[in-house]
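Breakdown of the fold
The lines below spell out each chain.
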Amino acid sequence: FVQSGTDQLDLKSDLGLDKDTTLNLGLKLGLGNHTFVLRYAPYSYSGDQTGKTFTFDGNSFTATDNLHTDLKLSEYSVDYRYKLLKTPVARISAGAGLSVFNNQVDITSTTSAASASKSFVAPIPTLGLSAEANIPLVGLFVGANVAGISVGSKNSYVDADAYAGWSPLPLMGAKVGYRHRQIKLDVSDTVGDIKFDGPYAAVYAGF
């Protein structure tokens, strides 16, 4: 949901937003036991809905308004991991990171002059843990990551995924997995609780 004022809006049932497929870009740098990961993830959702009277950011909409909503969320993140355990078959790492979310919500009525736009930026520090195991000489591997933080009752972030993959050559491979992310924010007079769940596929190459 998202809220700017007294009314809470469900992103799907009230605003008609649906799931979208997005392309994530990343860069991984490793040196000994140290690993840095830079990521950029743009999310874009839109939807059309009618049937709810509400106020958003001081602008009023009625149940007869045909609404068009655009939600754009961009994440910029840097993550550091230090290898606590490193063997030929298993690795465990822990570290910290920073994710910056740039958010924009635009709500427009196509049947009246009502419209509202709200943007805000939220930097979120995180703590994380990673684990991976592989079968030597075969190239198959499985792993999991979890990162997040909670600050008070209204601000929290969880990013977790589990995956399996194949790496036929060092620094080259592909993997599939499932990722869960949930962001709860209370910034700039705006409250949000946004969740992303779903499978993903990735290919990577290094040098």
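Residues numbered from 1 in each chain as written. Predicted model: local features only at pLDDT ≥ 70, side-chain atom pairs only at ≥ 80, totals over all residues. Heavy atoms only, no water.

Counting 27 residues, the largest nonpolar core has Leu15, Phe54, Phe56, Phe61, Ile107 and Ile183 as the members making the most contacts within it. Of all the secondary structure elements, the ones that give two or more residues to this core are β4 (34–49), β5 (54–56), β7 (67–86), β8 (90–109), β9 (115–134), β12 (172–187) and β13 (190–205). When residues of this core are assigned to their parent elements, the largest contribution, four residues, is made by β9. (Core = buried A, V, L, I, M, F, W, Y, C linked by side-chain atoms within 4.5 Å. Buried < 20%, exposed > 50% of the residue type's maximum accessible area, 1.4 Å probe, protein only. Helix = DSSP H or I, 4+ residues; strand = E, 2+ residues; numbered from the N terminus.)

To continue, consider the confidence of the model for the protein chain. Per-residue confidence for the protein chain gives a mean pLDDT of 89, with 97% of residues at or over 70. For the protein chain, per-element mean pLDDT is lowest for strand β3 (residues 25–31), which scores 86, and highest for β8, which scores 94. (pLDDT = per-residue confidence, 0-100.)

Moving on: the pattern of salt bridges. Scanning the entire structure with this criterion turns up six salt bridges. As a salt-bridge pair, Arg181 and Asp159 come within 3.7 Å of each other at their nearest N and O atoms. Taken together, the residues span a long stretch of sequence, with Arg181 in strand β12 and Asp159 in strand β11 (residues 155–169) at a distance of 22 residues. We classify Arg181 as buried; its relative accessible area is 2%. Taken together, the shared-partner salt bridges in this structure form one network comprising Glu75, Asp159, Arg179 and Arg181. (Salt bridge = Lys/Arg side-chain N within 4 Å of Asp/Glu carboxyl O.)

With that settled, the discussion passes to unusual backbone geometry. With a phi close to 55 degrees, Asp57 is a non-glycine residue in the positive phi region. Residue position: Asp57 is located in the loop between β5 and β6 (59–61).

Another point: empty space enclosed by the protein. Counting across every chain of the model gives one cavity of 30 Å³ or more. If you add up the space inside the largest cavity, you get close to 80 Å³. Lining of the largest cavity is provided by Val2, Leu11, Leu71, Leu73, Asn103, Val105, Phe120, Ile183, Leu185, Gly192 and Ile194. Mapped onto the lining of the largest cavity, the elements with two or more residues apiece are β7, β8, β12 and β13. Its residues placed into classes, the lining of the largest cavity shows nine nonpolar, two polar and no charged. (1 Å grid on protein atoms, 1.4 Å probe; cavity = no way out; pocket = protein on both sides within 12 Å on 5 of 7 lines; lining within 4 Å. Points joined across faces, edges and corners; volume = space filled by probe spheres on them. Nonpolar A, V, L, I, M, F, W, Y, C, P; charged D, E, K, R; others polar.)

Attention now goes to the packing of aromatic side chains. Throughout the structure, instances matching the rule amount to seven aromatic pairs. Here Phe101 and Tyr157 contribute two aromatic rings whose centre-to-centre distance is 5.3 Å and whose plane-to-plane angle is 75 degrees, an arrangement assigned as edge-to-face. Here Tyr157 lies in strand β11 and Phe101 lies in strand β8, a separation of 56 residues in the sequence. Phe101 gets classed as buried once you look at its relative accessible area, which sits at 0%. Judged by relative accessible area, Tyr157 falls into the buried class, the value being 2%. (Phe/Tyr/Trp six-rings, centres within 6.5 Å; stacked < 30°, edge-to-face > 60°.)

Looking now at the sheet that holds β9. Strand order in this open sheet of eleven strands is β2-β1-β13-β12-β11-β10-β9-β8-β7-β4-β3, and the pairing throughout is antiparallel. Edge positions in the open sheet fall to β2 (8–9) and β3, since each of these has one partner strand only. One ladder, built from 16 bridges, connects β12 with β13; its direction is antiparallel. From the neighbouring strand, Arg179 faces β13, where its bridge partner is Gly198. (Pairing = 2+ DSSP bridges.)

A separate point is the environment of Ser74. With respect to the secondary-structure elements, Ser74 resides in strand β7. Residue class for Ser74 comes out buried when judged on its relative accessible area of 17%. Between the C-alpha atoms of Ser74 and Val100, which are 26 residues apart in sequence, the distance is 8.1 Å.

In terms of strand pairing, β11 meets β12 through twelve bridges, oriented antiparallel. Pairing of Val158 across the sheet is with Gln182, part of β12.

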